[in-house]
Amino acid sequence: GAVVSQHPSWVICKSGTSVKIECRSLDFQATTMFWYRQFPKQSLMLMATSNEGSKATYEQGVEKDKFLINHASLTLSTLTVTSAHPEDSSFYICSAGSTSGVDEQYFGPGTRLTVT
Amino acid sequence: TQLLEQSPQFLSIQEGENLTVYCNSSSVFSSLQWYRQEPGEGPVLLVTVVTGGEVKKLKRLTFQFGDARKDSSLHITAAQPGDTGLYLCAGAKGSEKLVFGKGTKLTVNP
């Protein structure tokens, strides 16, 4: 149990275009989902926390208009990188929690975004 | 300021050796988790420790939570090449966000 999927697993896009990444909890309902970014050889940095049916809470320094997060159902959250630039290239990982606490988080396999 | 300090940052050992990875902080956490991440994949939860002084064992892996709930250690006995990966500790403070350490990159050579 507690499986989280992400799609796509990797994507290459041109500078200026937008990319949508999906995160799904396959066998449980996720009241809270988290989006992280991980640069090479670095740890996970939390970008935002979203609760189903409400607006996402963004971490300091993360542009909410650039990284649009939607958590419209208990099994799906999406991250849209708008007007992507090469510096947005990174490994994006989502996690889902089955409760409102942060302890029980299950991570997706990640999405490798490359902006050319 | 890094809230969770992990050491060592890199560790390369031979198969069969034992090792310990440390996760330290000046802050108290309500719980602490250890994950292993392989290249190109998401972190996989290994264990969650909640009680100060708690010791949990997962086959050849032993996890300990400090009495003051500020630090933790991961000990691997008789390491195998399959143990190779990035080991991340993460701390939670109640319902606040999960904070990750920078990780320890372990390589076990056959």
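Since the structure is predicted, the reported quantities are computational estimates derived from the model, not experimental observations.

Within this model, the largest pocket holds a volume of roughly 820 Å³. Among the secondary structure elements, those contributing two or more residues to the lining of the largest pocket are β4 (32-38) and β5 (44-51) of chain A together with β9 (85-92) and β10 (98-100) of chain B. Of the residues in the lining of the largest pocket, the class split is 15 nonpolar, twelve polar and eight charged. By volume, the second largest pocket amounts to about 200 Å³. Considering the residues around the second largest pocket, the lining is formed by A:G53, A:S54, A:K55, A:A56, A:Y58, A:K64, A:D65, A:L68, A:I69, A:N70, A:H71 and A:A72. When residues in the lining of the second largest pocket are grouped by element, the largest group, five residues, is from strand β7 (residues 67-73) of chain A.

Moving on to the interface of chain B and chain A. It is common to give the size of an interface as the accessible area lost on bringing the parts into contact. Of the residues lining the interface, 19 residues belong to chain B; the matching set on chain A comes to 15 residues. Interface area for chain B against chain A, summed over the two sides, is near 1400 Å², with a carbon-plus-sulfur share of 55%. The interface formed by chain B and chain A includes zero salt bridges. Counting across the interface, chain B meets chain A through three residue pairs in polar contact (both at pLDDT 80 or more). If you list the elements that add at least two residues to the side of chain B that touches chain A, you get β4 (31-37), β9 and β10 of chain B. It is β4(B) that contributes the most residues to the side of chain B that touches chain A, four residues altogether.

Before going further, it helps to examine the environment of B:K59. Residues and elements named next belong to chain B. Position of K59 relative to the elements: it lies in the loop between β6 (55-58) and β7 (61-65). Residue class for K59 comes out exposed when judged on its relative accessible area of 84%. Expressed as a C-alpha distance, the spacing of K59 and L86, which sit 27 residues apart in the sequence, is 18 Å.

What follows concerns the sheet that holds strand β1 (residues 5-7) of chain B. Residues and elements named next belong to chain B. Taken in spatial order, the five strands make up an open sheet running β1-β3-β8-β7-β6, and their pairing is antiparallel. Every other strand in the sheet has two partners, leaving β1 and β6 as the edge strands with one partner each. Strand-to-strand twist in this sheet, taken as the mean axis angle between neighbours without regard to direction, amounts to 15 degrees. Looking at chain direction, β6 and β7 are connected through four bridges and run antiparallel. Bridge pairing in β7 places V55 opposite Q64.

Thresholds applied
Residues numbered from 1 in each chain as written. Chains lettered and ligands numbered in written order. Predicted model: local features only at pLDDT ≥ 70, side-chain atom pairs only at ≥ 80, totals over all residues. Heavy atoms only, no water. 1 Å grid on protein atoms, 1.4 Å probe; cavity = no way out; pocket = protein on both sides within 12 Å on 5 of 7 lines; lining within 4 Å. Points joined across faces, edges and corners; volume = space filled by probe spheres on them. Helix = DSSP H or I, 4+ residues; strand = E, 2+ residues; numbered from the N terminus. Nonpolar A, V, L, I, M, F, W, Y, C, P; charged D, E, K, R; others polar. Contact = heavy atoms within 4.5 Å. Buried area = accessible area lost by both parts, 1.4 Å probe. Salt bridge = Lys/Arg side-chain N within 4 Å of Asp/Glu carboxyl O. Polar contact = N/O pair within 3.5 Å; in protein donor to acceptor, adjacent residues only side chain to side chain. Buried < 20%, exposed > 50% of the residue type's maximum accessible area, 1.4 Å probe, protein only. Pairing = 2+ DSSP bridges. Axes fitted to C-alpha atoms, helices over the stretch in contact; angles between N-to-C directions.

None of the figures reported here should be taken as evidence of function without further support.
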